[in-house]
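# Structural overview
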Amino acid sequence: MIFSRLLSGDLPRSRVLMVLLIAILAGLALTPFAFPGAKALNVAAKICIFIVLVASFDLLLGYTGIVSFAHTMFFGIGAYGVAIALNRMGPSWAGVAVGVGAALLLSLGLSLVIGLFSLRVKAMFYAMITLAVATAFQTLASQLSDLTGGEDGLTFKVPELLSPGFSLSEHPFLGVSLDGRLISFYLLVTVTVVLFLLMLRIVNSPFGRVLQAIRENAFRAEALGYQTVLYRTWSNVLSAAFATLAGALLALWLRYNGPDTSLSFEIMIDILLMVVIGGMGTLYGSVIGATLFIIVQNYLQDLMKLASEGMGKIPLLRDLLHPDRWLLWLGILFVLSVYRFPTGIVGKLRTKARGHS
Amino acid sequence: MNASTPTTPVQDALPQVKLDRIPLLLLPVLALAALPLTGSLSTWVTLTFAGLAMGMIIFIIASGLTLVFGLMDVLNFGHGVFITLGAFLATSVLGRMTGWTESESLVRNLMAMVPAMLAAMAVAGAVGFAFERLIIRPVYGQPLKQIMITMGGMIVGVELIKVLWGAQAIPLPLPTAFRGSLLFGEAAVEKYRLISVVVGLGVFTVMFWVLSRTKVGLLIRAGVQDREMVESLGYRIGRLFVGVFVAGSALAGLGGVMWGLYQQTITPEMGGQVNVLLFIVIIIGGMGSVGGCFIGSLLVGLVANYAGFLAPKVALFSNILLMVIVLMWRPEGLYPVGKR
């Protein structure tokens, strides 16, 4: 069946999950028509970008069992690559290509070096080393202000087809004007789907199986004749490449990039939360996790505001429900999911589905 | 193999381990190397003192982290939250004692500082106890989950601190008598740095004494070397570990007070920002080694201050450079701990 081939044979295996995934895909594809307004479109675009980013992190964390804190570094490299190239070369497709190409090369080189040097050591050391490297990179990016714009970041123009000023037709279609913004959005959605299916292909290949074997028992995988260091490094390189592409998408969508939008440690924490809450070791988890997290990030605050005002009399409870404290609740959910359902939402749904049949 | 060797006298059976002196020499060598570069003796004295003070505070914070790792292979990514907690408690305590902190008398200032430090240590220790129970105990021996869960604990901890104290930066002024500097000839040494060095040396001495002269210390050191052997001799390493974890958290709280006063402004994110520095220090020292942690902290402090004066741009990366150089020389850190 073509559907199964498209998903590389890795079907959702749960009716609820399937419905959710279809709903998310439909929701994203129809956002410009169903939910008018700039905020909804931005949220949908952010979800797309983070699906790619979180899935690429899952390749590393969920499938290979490596904790890296340098993932936003590669995300940032992608975003800076596009930003710097378009800023220097002006708005052209050649600029986009040069930016993405240079960023990919840099990411590949860096991830290869980090991987070969430090993937031999224990998980703890790798986590610490990547944390240190990422911090240094962030400092570097904000210091090289001639190249990166420093703390202020870079604004730039995107190729005309994607810019808001471009118009495909005079007449709006179903009440939505057919401008460059809409084209960028659909480009984003298409690239996201393609990259996601590609990653699904990778993790369901024989190569992906070896990665899972390493995650389960590195010693045994080595004994079976697989060079674990090599496979780990490959996993690191691939995940860095996808993160770089996600960064490039982010820069193209925002037409801006700075240290806080793509390099900050907060984003690293966010993607860690998304991957774990959604479900590690299954790429569908990253779709669910990213969607849930970003919707919560953008809309839970409104809900909490209501709740917080309702608690007007009780001081501590009011502060706990303050809209700025949304991360507290997601943090608690994160801790609970690491204990209670380490396979995340997707794992839970799949177990349930297995129990019924 | 050597079953036939004759029985040796007891004193020979336990040969004294020779102290590895080379890392100890690093500090004076580094300081002397910096002397001609800084140009003047007075600048050098000021910088060296600033570096030592910073190093001492880092040591107070990092010592618990390295011991906890040595004993149980637990690396607490949430250690930073205890620093933040200590600093915020200090604002609350010192804020209520403005009469004494703003007095000119050193004695009164100290009488305000001591309760602030004790409160920070007590609360951080208590929170550490709960943290160990709730966050760390369920995931012993699962490094992947440990990293994630301690990170999660940190997120929740920081958010709770924001709930209690607010999310904005809070000024933490030094008590009056601690401000300003003392002049030694041409060299100016800030009073607070002097105090940090004294407190740091005090903590180091007590810790050294406990670890090398008491039975608990012996067990801790033995546990770091070989946990299973200590357990098989009938000691409950789990309890020992809880004790070390609580002590480490309390020290982080104390370090938070010192660090907060050093920075003079505190934010809920300060602990997370120090985390990277702590990891660098304990990697340099050799994971699990207190002596290595002490030397590592002082090295980091000195290098940061010398580099900050000589080449401010390089100073931002000086810690990482230092780590890379040390690891190229000794891949396991200055004082590698046996089993690792």
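Residues numbered from 1 in each chain as written. Chains lettered and ligands numbered in written order. Predicted model: local features only at pLDDT ≥ 70, side-chain atom pairs only at ≥ 80, totals over all residues.

Turning next to the overall build of chain B. Summing up its helical and strand segments, chain B has 15 helices and four strands in all. In summary, chain B has a C-alpha radius of gyration of 21 Å against a globular reference of 20 Å for 340 residues, a match within 12%. When its C-alpha atoms are laid out on the principal axes, chain B stretches across 75 × 50 × 40 Å. Put simply, chain B has 340 residues, and 49% of those count as buried. Restricting the contact set of chain B to residue pairs at least 6 apart, pairs at least 24 apart contribute 77%. (Helix = DSSP H or I, 4+ residues; strand = E, 2+ residues; numbered from the N terminus. Rg over C-alpha atoms; globule rule 2.2 N^0.38 Å. Buried ≥ 20, exposed ≤ 12 C-beta atoms within 10 Å, placed from the backbone. Contact = placed C-beta atoms within 7 Å.)

Now for the overall build of chain A. Each helix and strand in chain A was counted, giving 17 helices and two strands. A globule of 357 residues ought to have a C-alpha radius of gyration of about 21 Å, and chain A, at 21 Å, matches this closely. Based on the C-alpha atoms only, the size of chain A along its principal axes is roughly 65 × 55 × 50 Å. Within the span of chain A, comprising 357 residues, buried residues form 46% of the whole.

Taken together, the contact pairs 27 residues of chain B with 28 residues of chain A. Sorting elements by how many residues they give to the side of chain B that touches chain A places helix H7 (residues 143-165) of chain B first, with 15 residues. Class assignment for the residues of the side of chain B that touches chain A results in 21 nonpolar, two polar and four charged. (Nonpolar A, V, L, I, M, F, W, Y, C, P; charged D, E, K, R; others polar.)

Mapped onto the elements of the fold, threonine 91 of chain B is located in helix H4 (residues 80-96). Those residues in contact with threonine 91 of chain B that sit more than four places away from it in its chain are Ile170, Leu172 and Ile266 of chain B.

The next point concerns the pairing of strand S3 (residues 187-190) of chain B. Strand direction decides the pairing type here: strand S2 (residues 181-184) of chain B and S3 of chain B, joined by four bridges, are antiparallel. Residue leucine 182 of chain B lies in a different strand from S3 of chain B, and its bridge partner there is valine 189 of chain B. (Pairing = 2+ DSSP bridges.)

This part takes up helix H8 (residues 191-213) of chain B. All names here are of chain B. Its 23 residues place the ends of H8 32 Å apart at the C-alpha level, agreeing with the 33 Å of an ideal helix rising 1.5 Å per residue. Among the residues of H8, Tyr192, Arg193, Ile195, Ser196, Val199, Gly200, Val203 and Met207 are the ones counted as buried. Among the structural elements, helix H3 (41-72), S3, helix H11 (237-263) and helix H13 (290-310) are those in contact with the buried residues of H8. (Expected span 1.5 Å × (residues − 1).)

Attention shifts here to H4 of chain B. The terminal C-alpha atoms of H4 of chain B lie 25 Å apart, and with 17 residues this matches the ideal 24 Å at 1.5 Å per residue to within 8%. For H4 of chain B, a buried count of 13 out of 17 residues is recorded, marking the element as mostly surrounded by other parts of the structure.

Within the secondary structure, serine 262 of chain A sits in helix H12 (residues 259-262). For serine 262 of chain A, the contacting residues outside a window of four places in its chain are Thr72, Phe75, Gly76, Ala79, Gly247, Leu250 and Asn257 of chain A.

Before going further, it helps to examine the packing of helix H4 (residues 71-89) of chain A against helix H5 (residues 93-118) of chain A. Residue and element names in this part refer to chain A. Between H4 and H5, whose axes approach to 8 Å, the crossing angle comes to 145 degrees. For the crossing formed where H4 meets H5, the hand is right-handed. Note on element contacts: H5 touches H4 through Ala94, Gly95, Val96, Val98, Gly99, Val100, Ala102, Ala103, Leu106, Ser107 and Ser111, opposite Phe74, Ile77, Gly78, Gly81, Val82, Ile84, Ala85, Leu86 and Met89. Within the contact of H4 with H5, the residues separate by chemical class into 14 nonpolar, six polar and no charged. (Axes fitted to C-alpha atoms, helices over the stretch in contact; angles between N-to-C directions. Left-handed = near helix turned anticlockwise from the far one by under 90°.)

Bringing the packing of helix H2 (residues 15-34) of chain A against helix H14 (residues 283-310) of chain A into the picture now. All names here are of chain A. In the contact formed by H2 and H14, the axes pass within 11 Å of each other and the chain directions differ by 60 degrees. Viewed along their axes, H2 and H14 adopt a mutual orientation that is oblique. Judged by the sense of rotation from one axis to the other, the crossing of H2 with H14 is left-handed. Within the contact between the two elements, H2 uses Leu17, Leu20, Leu21 and Ile24 and H14 uses Tyr284, Val287, Ile288 and Thr291. (Parallel < 35°, antiparallel > 145°, perpendicular 65-115°, else oblique.)

Within the secondary structure, serine 308 of chain A sits in helix H14. On a C-alpha basis, the gap between serine 308 of chain A and isoleucine 47 of chain A in space is 27 Å, while along the polypeptide they are 261 residues apart.

Residues and elements named next belong to chain A. Even without being a glycine, arginine 13 presents a positive backbone phi close to 55 degrees. Relative to the elements of secondary structure, arginine 13 occurs in the loop between helix H1 (2-6) and H2. Notably, arginine 255 is not glycine yet its phi reads approximately 55 degrees, a positive angle. With respect to the element layout, arginine 255 can be found in the loop between helix H11 (228-254) and strand S2 (256-257).

Residue and element names in this part refer to chain B. The predicted model of chain B averages 85 in pLDDT, with 94% of residues at 70 or higher. Averaged pLDDT values for the elements of chain B fall to 52 in helix H1 (residues 10-13) and rise to 91 in H13. Counted against residues more than four places away or in other chains, residues 1-5, with its pLDDT under 50, gives zero contacts. Overall fold confidence (pTM) sits at 0.86, and the ipTM for the predicted complex is 0.81. (pLDDT = per-residue confidence, 0-100.)

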